[in-house]
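Coordinate inspection notes
One-letter residues, chain by chain:
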Amino acid sequence: MVTSIKVENATKVFTKRYHKTFKQMTVAKLRGNKISDTFNAVDDVTFEIQQGESVGLMGLNGSGKSTLLKLINGTMRPDMGSVLTRGRIAGLIATGAGFHPQLTGRENVYLNAAILGMTERETARKFDEIVDFADIGDFLDTPVGTYSSGMYSRLGFAVAVHVDSDIFLADEVLAVGDKPFKKKCMQKMQEVRDSGVTLVYVSHAAGSVAKMCERVIVLEKGKLGFDGPALDGIRYVKYDDELSPEDRGSSSAAASMSVTDSELGAEI
Amino acid sequence: MTETTGSTGTQALVDRHRLADVPLASPSAHQGLLEVFRRRYVLRLLVKREVQGRYEGSFLGFLWSYINPLSQFFIYWFFMGKILGASHGFENYPVHMFAGLIIVHFFTETFGAGTRSLVGNKGLIAKMSVPREMFPVATMLVSLWHVAPQILILIGVGIMEGWQPDMVGMMCAVVAVLIAMILGTALALLFSTANVFFRDFGSFVGIINNYVRFAVPMLYPFSLVRDNLPTWVTHLYLCDPVAIACLLFQRAFWVGTTADPTRSAAETLPDHLGLWTLGNLIAAVLILVVAQRVFQKFENKVPERL
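Residues numbered from 1 in each chain as written. Chains lettered and ligands numbered in written order. Predicted model: local features only at pLDDT ≥ 70, side-chain atom pairs only at ≥ 80, totals over all residues.

**Some points on the packing of helix α5 (residues 64-83) of chain B against helix α6 (residues 93-120) of chain B**
Residue and element names in this part refer to chain B. The geometry of α5 relative to α6 is characterised by a closest axis approach of 10 Å and an angle of 135° between their N-to-C directions. What the angle tells us is that α5 and α6 run oblique. The two elements α5 and α6 meet at a crossing, and its hand is right-handed. Of α6, the residues touching α5 (which contributes Pro69, Gln72, Phe73, Tyr76, Trp77 and Gly81) are Tyr93, Pro94, Met97, Phe98, Leu101, Ile102 and His105. (Axes fitted to C-alpha atoms, helices over the stretch in contact; angles between N-to-C directions. Helix = DSSP H or I, 4+ residues; strand = E, 2+ residues; numbered from the N terminus. Parallel < 35°, antiparallel > 145°, perpendicular 65-115°, else oblique. Left-handed = near helix turned anticlockwise from the far one by under 90°. Contact = placed C-beta atoms within 7 Å.)

See the structure below:
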């Protein structure tokens, strides 16, 4: 087996700043108040993910899930420890793609794909597929700054999922899409997973995590709280009341391929 | 896991992702400026975007790349040259001044726009793994792109004044652009990170740029500095890569328009210009190396502070 993601004692320190201007800082200093504080957004986290595994990343808001994904996709570097990956990484971080608001959808597709490591020819070849999937019509040639949040995430997901990647990161991708689009996304992600791509899936929806993943990692205030079988993980974060009886029955996500509307209902 | 099923279909998929011989590596870019040139396609897209975006929504579009320098030229020519009398008794003052203006404008643009480049590309930097040196470098290339039409105007004016091009002069022009590129990129790297932490630096760069315009022999000839100030001040004045770039551009485009090029070069330009050039070029490269080091030290904190 080949290790796809190796996180070793990774820690990412963030600085909270209470004061912004010189005046505020001086006043705070004179009064003996704190100007800034640090905290570990990701705190000494260690795990390994094998190639082809699909892992659900769960935890409350602010538990460090997005920061961990940023460490994995290389946007951030750990302050301590190490994060190593193998192959090309694609995906969505914190519900949206890194788009440039002044660029049109079309230009953003090319730029985004280029940053994700695709060549011009590769992008051109997949362009129609991406546009079809996003299904945003004429808006393709208007600046993405004018998009609705739904359109924005549709296009972002469409680009990310069509990159020929080895690791796919999906961070609350389904939070803003409508029902038909969610369904399409789930199907596409299952396809991606079944093609042997390593999948890291962040979601608060227990149903879809149970469907997609065989393993769950739970973060608690930046620390690794749980790492094990999906259903136990969901139970650990106490989301198991959302699960339908068939989810509880299925041992792993690979067992089920179809996505029904009721499962998506648990998404919100 | 798919590997364990062993059927032929999944086997093909496993082969597709056969990564055993691909080493585990850090997912973030860390080769600095080299990485930028390794990923030329992304760089090209960013530059294209900036070039298209600069005059977006304007009726005159690309014409503004001509109008801006022309209007600056007019202001300096009229107010400095005619009213303040800088052009009295000075041969082809407009060409002398415009040559300096182009290279200085290129430097200040690179410096100013480069300083804002990280903050301006927040959306990408916060979520995508892209070498962040890319953004200051891209703004430098965009400014470079706008130098071309200005040089065309300069050559046009020069030809009307009877400009005689020469090999050494052309080399001087290339080296001048090179110096401005290197120093501009270095300072853009330093100040773009600083600007992420405190936006004050953006305003500060505006002030520096104002000084730069007057601290180089653009509006006045170098001979005024040499003749009126002590030697050590003159030497200090020449320890400025932008001043040297300015002088090189004048050597390239102005000297050839004068009646006696050899004499006007000797009278107006400093002695040992070649040595000064070499020294300042080396200094600019060293500053770039230091800037890159500093950038790498701080860029890790950039995404969270944006």
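There's more to say after this.
**Quick notes on the UniProt feature "transmembrane region" (unreviewed entry) in chain B**
Residues and elements named next belong to chain B. Residues annotated in UniProt with the feature "transmembrane region" (unreviewed entry) correspond here to residues 59-81, 93-114, 134-155, 167-189, 201-220 and 273-291. Between the first and last C-alpha atoms of residues 134-155 the distance is 32 Å; the span itself is 100% helix and 0% strand. In residues 167-189, helix accounts for 100% and strand for 0%; the two terminal C-alpha atoms are 33 Å from one another. (UniProt positions renumbered as here; feature names shortened; annotations may be inferred.)

**Focus: unusual backbone geometry**
The residue Lys221 of chain A is not glycine, and still its phi comes out positive at about 50°. Relative to the helices and strands, Lys221 of chain A resides in the loop between β8 (215-220) and β9 (223-229). One non-glycine residue, His272 of chain B, lies in the positive phi region at around 55°. Under the C-beta neighbour-count criterion, His272 of chain B is labelled exposed, with 11 such atoms within 10 Å. (Buried ≥ 20, exposed ≤ 12 C-beta atoms within 10 Å, placed from the backbone.)

**A closer look at the nonpolar core**
Grouped together as the largest cluster of nonpolar side chains are 154 residues, with contacts concentrated most on Val209 of chain A together with Ala176, Ala180, Ala245 and Phe249 of chain B. A total of 17 residues in this core trace back to one element, the largest contributor, which is helix α9 (residues 167-197) of chain B. Excluding its chain neighbours within four sequence positions, the residues that come into contact with Val209 of chain A are Gly56, Met58, Tyr201, Ser203, Val216, Ala230 and Ile234 of chain A. (Core = buried A, V, L, I, M, F, W, Y, C linked by C-beta atoms within 7 Å.)

**Brief notes about the UniProt feature "domain: ABC-2 type transporter transmembrane" (unreviewed entry) in chain B**
The sites that carry the UniProt feature "domain: ABC-2 type transporter transmembrane" (unreviewed entry) are, in the present numbering, residues 43-245 of chain B. Helix makes up 77% of residues 43-245 of chain B and strand 0%. Its end C-alpha atoms lie 26 Å apart.

**So, the packing of α5 of chain B against helix α8 (residues 134-160) of chain B**
Residues and elements named next belong to chain B. Two numbers describe how α5 lies on α8: the axes approach to 9 Å, and their chain directions differ by 60°. In terms of orientation, α5 lies oblique with respect to α8. Where α5 crosses over α8, the handedness of that crossing is right-handed. On the side of α5, the interface is formed by Ser65, Tyr66, Pro69 and Leu70, while α8 contributes His146, Pro149, Gln150 and Ile153. In terms of residue class, the contact of α5 with α8 is built from five nonpolar, three polar and no charged. (Nonpolar A, V, L, I, M, F, W, Y, C, P; charged D, E, K, R; others polar.)

**A short note on the interface of chain A and chain B**
On the chain B side, the residues contacting the 40 residues of chain A number 31 residues. For the side of chain A that touches chain B, the secondary-structure elements that each account for two or more residues are β1 (3-17), α2 (65-73), β4 (80-85) and α3 (105-115) of chain A. Ranked by the residues each element gives to the side of chain A that touches chain B, the list is headed by α3 of chain A, at five residues.

**Digging into the sheet that holds β4 of chain A**
Residues and elements named next belong to chain A. The three strands lie next to each other as β2-β1-β4, forming an open sheet whose pairing is antiparallel. Lying at the two open borders of the sheet, with one neighbouring strand each, are β2 (36-50) and β4. Across this sheet, the average inter-strand angle for adjacent strands is 25°, counted without regard to direction. Across eleven bridges, β1 lies against β2 in antiparallel orientation. Counterpart to Ile5 in the pairing with β2 is Ile49. The sheet strands contacting α2 are β1, β2 and β4, and the helix crosses β2 at an angle near 60°. (Pairing = 2+ DSSP bridges.)

**Description of the pairing of β9 of chain A**
Bridging between β8 of chain A and β9 of chain A involves six bridges; their strand directions are antiparallel. Paired with Val218 of chain A across the strands is Phe226 of chain A, a residue of β9 of chain A.

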